[in-house]
Amino acid sequence: MPRAEGAVATAPSARLPMADAEELLASLPGVISVRILESDGGGIGDVHVLTAADVSPKQTVRNVESALLAQFGWRIDHRKISVATTSDAGRARAGRPSAGPALVPPTPRAIESVRRVYFEDVEVRRSSRALWCRVMLRKGAEIVSAEAEAPPAERARVEELVARAAVSALTRAEGDALDLALEGAELVTAFGREFVFVGVAARQGRGATLLTGSCEVRDGLEAAAVLAVLDATNRWIARGR
């Protein structure tokens, strides 16, 4: 029997790791607190998110969808995601009751670290001589950019070229201590939708960790490639590497 839109497949006796999912969503840019409600059938019901004003509700919905899909393989209908925005994040955290079904925020340190770098803009130019792109990221009041270029002979894919520039810009934004390298970027189709899926190698000492991230293609392939890179690296950076 086909699954209904937004449903999550689970074994009859299994319970979804809701606490882990809330912890994941709480680490997303701009998110102050999260609460996931279970449906009568044991799957995800509604997702309630409280965010700061510096990230748009539309972007938060996309981040929630991408994070749940990448980490748990859950696909959730965007109509089930409710986003409330506050301009006073500190007061929202302090004024919440300590008992009952209160939303649980990440620590202030985690919020600060996750929200270090944001997507600002991407530009792509095609010519007979090369495929060129520039990615701009924002860290505080500073805009950091990086470029990537490939000659026509390489037949470079747009998503991979943009992801490469995004990794370079992120490395510049975070400083020399961050050692990242793009493993690859692919345009994939799942659940009747297109996603950019990326792999980023994070080098630590003599070893390396493969970080993966994804973003649904909604506002263009280029923007999705940048957001997939940030999706792959945000939690790793937040943990202090």
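Residues numbered from 1 in each chain as written. Predicted model: local features only at pLDDT ≥ 70, side-chain atom pairs only at ≥ 80, totals over all residues. Heavy atoms only, no water.

Structural notes on the pairing of strand S3 (residues 81-86)
Each regular strand carries side chains that alternate between the two faces of the sheet. With six bridges joining them, strand S2 (residues 44-52) and S3 adopt parallel strand pairing. Considered in S3, the bridge of Val-47 is made with Ile-81. Taking the sense of rotation as the criterion, the β-α-β connection linking S2, helix H2 (residues 57-72) and S3 turns out right-handed. (Pairing = 2+ DSSP bridges. Helix = DSSP H or I, 4+ residues; strand = E, 2+ residues; numbered from the N terminus. Right-handed = clockwise from strand over helix to strand, strands pointing away.)

Brief notes about the packing of helix H1 (residues 18-26) against H2
Running from amino to carboxyl end, H1 crosses H2 at an angle of 130 degrees, the nearest separation of the two axes being 10 Å. Viewed along their axes, H1 and H2 adopt a mutual orientation that is oblique. Considering how the two elements wind past one another, H1 and H2 form a crossing that is right-handed. Across the interface between the two elements, Asp-20, Ala-21, Leu-24 and Leu-25 from H1 touch Val-64, Ala-67, Leu-68, Gln-71 and Phe-72 from H2. Here the contact of H1 with H2 is built from residues that sort into seven nonpolar, one polar and one charged. (Axes fitted to C-alpha atoms, helices over the stretch in contact; angles between N-to-C directions. Parallel < 35°, antiparallel > 145°, perpendicular 65-115°, else oblique. Left-handed = near helix turned anticlockwise from the far one by under 90°. Contact = heavy atoms within 4.5 Å. Nonpolar A, V, L, I, M, F, W, Y, C, P; charged D, E, K, R; others polar.)

A look at the confidence of the model for the protein
Here the protein averages 77 in pLDDT, while 74% of its residues score no lower than 70. Low pLDDT, under 50, characterises residues 1-14; the stretch is placed with 17 contacts to residues that sit more than four places away or in other chains. Taken as a whole, residues 91-115 scores under 50 in pLDDT and shows 33 contacts with residues more than four places along the chain or in a different chain. (pLDDT = per-residue confidence, 0-100.)

Side note on the sheet that holds strand S5 (residues 131-139)
Sheet architecture is open: three strands sit in the order S4-S5-S6, paired in antiparallel fashion. Edge positions in the sheet fall to strand S4 (118-126) and strand S6 (142-150), since each has one partner strand and no second. Sheet twist, expressed as the mean angle between neighbouring strand axes with direction ignored, is 15 degrees. Bridge count for S5 against S6 is nine bridges, and the pairing is antiparallel. Bridge assignment links Lys-139 to a residue of S6, and that residue is Glu-142.

Points about the environment of Val-49
As for its placement among the helices and strands, Val-49 is situated in strand S2. Residue class for Val-49 comes out buried when judged on its relative accessible area of 4%. Taking the C-alpha atoms as reference points, Val-49 and Val-64, 15 residues apart in sequence, are found 9.2 Å from one another. Here Val-49 is in contact with Val-31, Ser-33, Val-34, Thr-60, Val-64, Ile-81, Ser-82, Val-83 and Ala-84, once residues within four sequence places are set aside. (Buried < 20%, exposed > 50% of the residue type's maximum accessible area, 1.4 Å probe, protein only.)

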